[in-house]
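Here's the letter readout for the chains.
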Amino acid sequence: GENVEQHPSTLSVQEGDSAVIKCTYSDSASNYFPWYKQELGKRPQLIIDIRSNVGEKKDQRIAVTLNKTAKHFSLHITETQPEDSAVYFCAASISNDYKLSFGAGTTVTVRA
Amino acid sequence: GAVVSQHPSWVICKSGTSVKIECRSLDFQATTMFWYRQFPKQSLMLMATSNEGSKATYEQGVEKDKFLINHASLTLSTLTVTSAHPEDSSFYICSARVEGLRVFGPGTRLTVL
């Protein structure tokens, strides 16, 4: 099955700096890559996703890049704010309809 | 937008008892729902995929006789943890597919004493 690895496990950044989280996946058939933000005790919230026919996608301060050849994708958060502090999960799926495999998560702390 | 609810939001039970968790799609029909378990400071681990009107598909290592899943209607899937033990204490989250996206329920915190 699909195996998703995520790094780093923790990330501390100064407010205003950028944060980058990287994920790799094993199944070359995967073509849907969402990113979720989860606050303590809450449900995961989709923040951005990318499909394999696109190399990069941006939504305001958040961007995701995908390298299908290398089987890795990354989340970039610019101009970080304290409210960006949370656990972020990457995930991969072979289609919109199939089960998601999640990375281990990255705890992001934005220092004021 | 599409909303998934879960009930209860938290439950405390004694070891050996069974607990039922409900997952409902409030404004859409969900033919497929996914059940996840999340231990503290860990990732979401898929337990099973439930399909309306058919048997659930369990992930490797998940005991189907212990975690009973029923998806009897297009808006309701239930997970029953039978003979719960302290090691079953976890955060259980359901998720449904809608328009190519995944919508997650708010989760159920299960504590087994």
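Residues numbered from 1 in each chain as written. Chains lettered and ligands numbered in written order. Predicted model: local features only at pLDDT ≥ 70, side-chain atom pairs only at ≥ 80, totals over all residues. Heavy atoms only, no water.

Side note on the overall build of chain A
Within chain A, the regular secondary structure consists of 0 helices and 11 strands. For the C-alpha atoms alone, the extent of chain A along its principal axes is close to 40 × 30 × 20 Å. Looking at chain A residue by residue over its 112 residues, the buried ones come to 42%. Within chain A, contacts between residues separated by at least 24 positions form 54% of all contacts whose residues are at least 6 apart in sequence. Total accessible area computed for chain A in this model is approximately 5,600 Å², and 47% of it derives from carbon and sulfur atoms. (Helix = DSSP H or I, 4+ residues; strand = E, 2+ residues; numbered from the N terminus. Buried < 20%, exposed > 50% of the residue type's maximum accessible area, 1.4 Å probe, protein only. Contact = heavy atoms within 4.5 Å. Areas by Shrake-Rupley, 256 points an atom, 1.4 Å probe, with all protein chains shown as cover.)

Remarks on the pairing of strand β3 (residues 19-25) of chain A
Along a regular strand, successive side chains alternate from one face of the sheet to the other. All names here are of chain A. Residues Ala19, Ile21, Cys23 and Tyr25 line the buried face of β3, whereas the alternating positions Val20, Lys22 and Thr24 sit on a face that is not buried. One ladder, built from 4 bridges, connects strand β1 (residues 4-7) with β3; its direction is antiparallel. Of the residues in β3, the one forming a bridge with Val4 is Tyr25. Pairing of β3 with strand β8 (residues 72-77), which is carried by 6 bridges, proceeds in the antiparallel orientation. Looking at the pairing, Thr24 lines up with His72 of β8. (Pairing = 2+ DSSP bridges.)

Overview of a nonpolar patch on the surface
All names here are of chain B. On the surface, Trp10, Ile12 and Leu113 cluster together to form a nonpolar patch covering roughly 380 Å² of accessible area. Of note, Trp10 is situated in strand β2 (residues 10-13). Judged by its relative accessible area of 57%, Trp10 falls in the exposed class. (Patch = residues over 30% accessible without salt bridge, like charges linked within 9 Å, V, L, I, M, F, W, Y side chains within 5 Å. Salt bridge = Lys/Arg side-chain N within 4 Å of Asp/Glu carboxyl O.)

Side note on the sheet that holds strand β1 (residues 4-7) of chain B
All names here are of chain B. If you trace the 4 strands from one edge of the open sheet to the other, you get β1-β3-β8-β7, paired in antiparallel fashion. Both outer strands of the open sheet, β1 and β7 (67-73), are each paired with one neighbouring strand and no more. For this sheet, the mean angle separating the axes of adjacent strands, direction not counted, is 15°. (Axes fitted to C-alpha atoms, helices over the stretch in contact; angles between N-to-C directions.)

Remarks on the sheet that holds strand β6 (residues 56-59) of chain A
Residues and elements named next belong to chain A. With antiparallel pairing, the 5 strands of this open sheet are ordered in space as β1-β3-β8-β7-β6. A strand with exactly one partner marks an edge of an open sheet, and here the two such strands are β1 and β6. When the angles between neighbouring strand axes are averaged without regard to direction, this sheet yields 15°. Across 6 bridges, the pairing between strand β7 (residues 62-67) and β8 is antiparallel. Among the inter-strand pairings, Asn67 is bridged to a residue of β8, identified as His72.

Brief notes about the interface of chain A and chain B
A common way to express how large an interface is: the accessible area buried when the components associate. Taken together, the 21 residues of chain A in the interface contact 19 residues of chain B. There are 1 salt bridge connecting chain A and chain B. Here Lys99 of chain A ties to Glu59 of chain B by a salt bridge, and the two come within 3.0 Å at their closest N and O atoms. Across the chain A-chain B interface, the total number found is 6 residue pairs in polar contact (both at pLDDT 80 or more). When residues of the side of chain A that touches chain B are traced back to their parent elements, those giving at least two are β4 (32-38) and β5 (45-51) of chain A. A per-class count over the side of chain A that touches chain B returns 9 nonpolar, 6 polar and 6 charged. (Polar contact = N/O pair within 3.5 Å; in protein donor to acceptor, adjacent residues only side chain to side chain. Nonpolar A, V, L, I, M, F, W, Y, C, P; charged D, E, K, R; others polar.)

So, the state of the cysteines
When the sulfur atoms of two cysteines share a covalent bond, that bond is a disulfide. Counted according to the given criterion, the structure contains 2 disulfides over all chains. Sulfur-sulfur distance for the disulfide between Cys23 of chain A and Cys90 of chain A comes to 1.9 Å. One disulfide, between Cys23 of chain A and Cys90 of chain A, carries an S-S torsion of -100° and so falls in the left-handed class. Of this pair, Cys23 of chain A sits in strand β3 while Cys90 of chain A sits in strand β9 (residues 86-92), placing them 67 residues apart in sequence. The class of Cys90 of chain A is buried, set by a relative accessible area of 0%. Disulfide pairing places Cys23 of chain B opposite Cys94 of chain B at an S-S distance of 2.0 Å. Measuring the twist about the S-S bond at about 85°, one finds the Cys23 of chain B-Cys94 of chain B disulfide to be right-handed. With a gap of 71 residues between them, Cys23 of chain B in strand β3 (residues 19-25) and Cys94 of chain B in strand β9 (residues 90-98) connect regions that are remote in the sequence. For Cys94 of chain B, a relative accessible area of 0% translates into the label buried. (Disulfide = S-S within 2.5 Å.)

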